[in-house]
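Letter by letter, the chains look like this.
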Amino acid sequence: MITLREILASRGKLVALTCYDYPTALSLDASTVDLVLVGDSVGTNVLGYRDVSEVTMDDMLHHARAVRRGLKRASLLVDLPFNSYQTGEAAILNGKRLIEAGADMIKLEGGMELVAKIRALRSENIRVVAHIGHTPQSHVGTRKVFGTTASEIESLLEVSKQLQLAGSEAVLLECVPERVATIISDRLDIPTIGIGSGSGCDGQIFVITDLLGWHHPNFRFSASFDDFRNRTVATANRFAHEVRDGVFPSATQVYKVKDSELQQALD
Ligand code: KIV
Ligand code: NA
């Protein structure tokens with residue numbers, strides 16, 4: 001087992017992407033990405049749900065298993081979904097189910113209330129990443145920068161320290177102002193993984209469907225590195241044209257039968 005801290009030490013930066021299915025997992029495993037997250041963003045990004053509160057444990061197990069089948073090299077992190085870890089006991093029960101489905105570690109969102117839950121999970125030897133800052137499960141449908149006031153900044157500094165003490169393997173910082181994220185990263189021994197939190201973090205995580213351009217979100221840190229949505233439309237249209245023009249399937253793409261067999265059957 002290799003820890004995120006060891007990966008960071010050998011690589012200089014941690015690189016993480018979300019992943020929701022087997023073919024994408026095969027591609028990411030063949031890439032140099034260090035960490036793959038089956039995020040609860042599966043709900044909005046691939047299941048067509050309105051928001052993450054609709055995502056169930058069964059959804060997460062289903063997608064975690066699919067991604068696990070595609071990974072040999074990269075580490076696998078899986079989200080505990082909305083309402084699946086209200087208590088330490090629930091966190092352990094559902095955390096174990098994700099581990100059985102193939103997760104190397106699990107991720108929970110929150111603040112100071114995570115400390116006791118992470119201690120409980122660590123006592124069962126479950127590896128944990130804590131997700132702080134903007135936490136979508138508790139702010140459904142909105143995206144809020146967290147850490148702009150002195151009291152929020154103090155809270156982030158204290159919570160991240162306590163989460164490290166409790167045994168969190170890394171801290172994910174979502175939508176935290178860059179200078180605050182950099183200070184947290186400097187103060188912690190465990191890695192920080194940022195999204196929308198600037199370049200001072202020890203690593204970056206990004207949503208695969210945004211990266212590939214399946215969706216074109218318009219928040220500040222959004223970036224499409226490709227345009228899969230339009231490429232899929234164009235490729236589907238190319239197929240449609242070839243079918244309509246009689247170009248596909250071609251003579252080399254069909255199975256043959258002997259004249260004699262065919263004649264015998266028709267006689
Ligand atoms: O589910 C998700 O996509 C996340 C992001 C922070 C990467 O948790
Ligand atoms: Na998530």
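Residues numbered from 1 in each chain as written. Chains lettered and ligands numbered in written order. Predicted model: local features only at pLDDT ≥ 70, side-chain atom pairs only at ≥ 80, totals over all residues.

### Side note on the overall build of the chain
At step 1: The helix and strand tally for the chain stands at 11 helices and 8 strands.
At step 2: Overall size of the chain, expressed as C-alpha extent along the three principal axes, is 85 × 40 × 40 Å.
At step 3: Expressed as a percentage of the 267 residues in the chain, the buried residues total 40%.
At step 4: For the chain, contacts bridging at least 24 residues in sequence account for 56% of all contacts bridging at least 6. (Helix = DSSP H or I, 4+ residues; strand = E, 2+ residues; numbered from the N terminus. Buried ≥ 20, exposed ≤ 12 C-beta atoms within 10 Å, placed from the backbone. Contact = placed C-beta atoms within 7 Å.)

### A closer look at the nonpolar core
At step 1: Among the nonpolar cores identified, the biggest contains 64 residues, and Cys19, Val36, Ala103 and Ala130 are the most heavily contacted of them.
At step 2: Those residues in contact with Cys19 that sit more than four places away from it in its chain are Thr24, Ala25, Leu28, Val36, Leu37, Val38, Val67 and Ile208. (Core = buried A, V, L, I, M, F, W, Y, C linked by C-beta atoms within 7 Å.)

### Comments concerning the sheet that holds strand β5 (residues 128-133)
At step 1: Strand order in the closed barrel formed by 8 strands is β1-β2-β3-β4-β5-β6-β7-β8, and the pairing between neighbours is parallel. Each strand axis lies, on average, 25° off the axis of its neighbour in the sheet, ignoring direction.
At step 2: Two elements, strand β6 (residues 170-174) and strand β7 (residues 192-195), share 4 bridges in a ladder whose sense is parallel. Each bridged residue has a counterpart across the sheet, and for Val171 the counterpart in β7 is Thr192. (Pairing = 2+ DSSP bridges. Axes fitted to C-alpha atoms, helices over the stretch in contact; angles between N-to-C directions.)

### Quick notes on the site of ligand 1
At step 1: The full set of residues close to ligand 1 is Thr18, Leu37, Gly39, Asp40, Ser41, Asp79, Leu172, Glu174, Ile195, Ile205 and Val207.
At step 2: Counted by class, the shell around ligand 1 contains 5 nonpolar, 3 polar and 3 charged residues. (Near = placed C-beta within 6 Å. Nonpolar A, V, L, I, M, F, W, Y, C, P; charged D, E, K, R; others polar.)

### Comments concerning the UniProt feature "active site" (unreviewed entry) in the chain
At step 1: The positions that UniProt labels "active site" (unreviewed entry) are, in the present scheme, Glu174.
At step 2: Considering the arrangement of structural elements, one finds Glu174 in strand β6.
At step 3: According to the C-beta neighbour criterion, Glu174 is buried, with 23 such atoms within 10 Å.
At step 4: Excluding its chain neighbours within four sequence positions, the residues that come into contact with Glu174 are His131, Gly133, His134, Ile195, Gly196 and Ser197. (UniProt positions renumbered as here; feature names shortened; annotations may be inferred.)

### A short note on the pairing of strand β8 (residues 203-206)
At step 1: Inspection of the sheet shows strand β1 (residues 14-18) paired to β8 by 4 bridges, in the parallel sense. When the bridges of β8 are listed, Leu17 appears paired with Phe206.
At step 2: Across 2 bridges, β7 lies against β8 in parallel orientation. In the sheet register, Gly194 faces β8, and the bridge partner there is Gln204.

### Overview of the environment of Tyr85
At step 1: In this fold, Tyr85 is placed in the loop between β3 (75-79) and α5 (88-100).
At step 2: The class of Tyr85 is buried, set by 25 C-beta atoms lying within 10 Å.
At step 3: Along the primary structure Tyr85 and Glu109 are separated by 24 residues, whereas in three dimensions their C-alpha atoms are 9.6 Å apart.
At step 4: Setting aside its immediate chain neighbours within four residues, Tyr85 contacts Leu80, Ala90, Ala91, Asn94, Leu108 and Lys117.

### Overview of the UniProt feature "binding site: 3-methyl-2-oxobutanoate" (unreviewed entry) in the chain
At step 1: In the numbering used here, UniProt assigns the feature "binding site: 3-methyl-2-oxobutanoate" (unreviewed entry) to Asp40, Ser41, Asp79 and Lys107. Taking the farthest pair of C-alpha atoms as the criterion, the annotated set spanning 68 residues converges on one region, since that pair is 12.6 Å apart.
At step 2: Along the polypeptide, Ser41 turns up in the loop between β2 (35-38) and α3 (42-45).
At step 3: The class for Ser41 is buried, based on 21 C-beta atoms found within 10 Å.
At step 4: Sequence-distant contacts of Ser41, that is, excluding residues within four places in its chain, are made with Thr18, Val52 and Val207.
At step 5: Residue placement: Asp79 occurs in strand β3.
At step 6: With 29 C-beta atoms packed within 10 Å, Asp79 lands in the buried category.
At step 7: With sequence-adjacent residues up to four places away left out, Asp79 is seen in contact with Val38, Gly39, Asp40, Met60 and Lys107.

### Some remarks on unusual backbone geometry
At step 1: Look at the link from Phe248 to Pro249: it is a cis peptide, with omega at 0°.
At step 2: Here Pro249 shows up in the loop between α10 (228-244) and α11 (259-266).
At step 3: Its identity is not glycine, yet Asn125 carries a phi of approximately 65°, on the positive side.
At step 4: Examined against the element boundaries, Asn125 turns out to sit in the loop between α6 (114-123) and β5.
At step 5: Positive phi outside glycine occurs at Cys175, with the angle close to 55°.
At step 6: Residue classification places Cys175 among the buried positions, given that 23 C-beta atoms sit within 10 Å.

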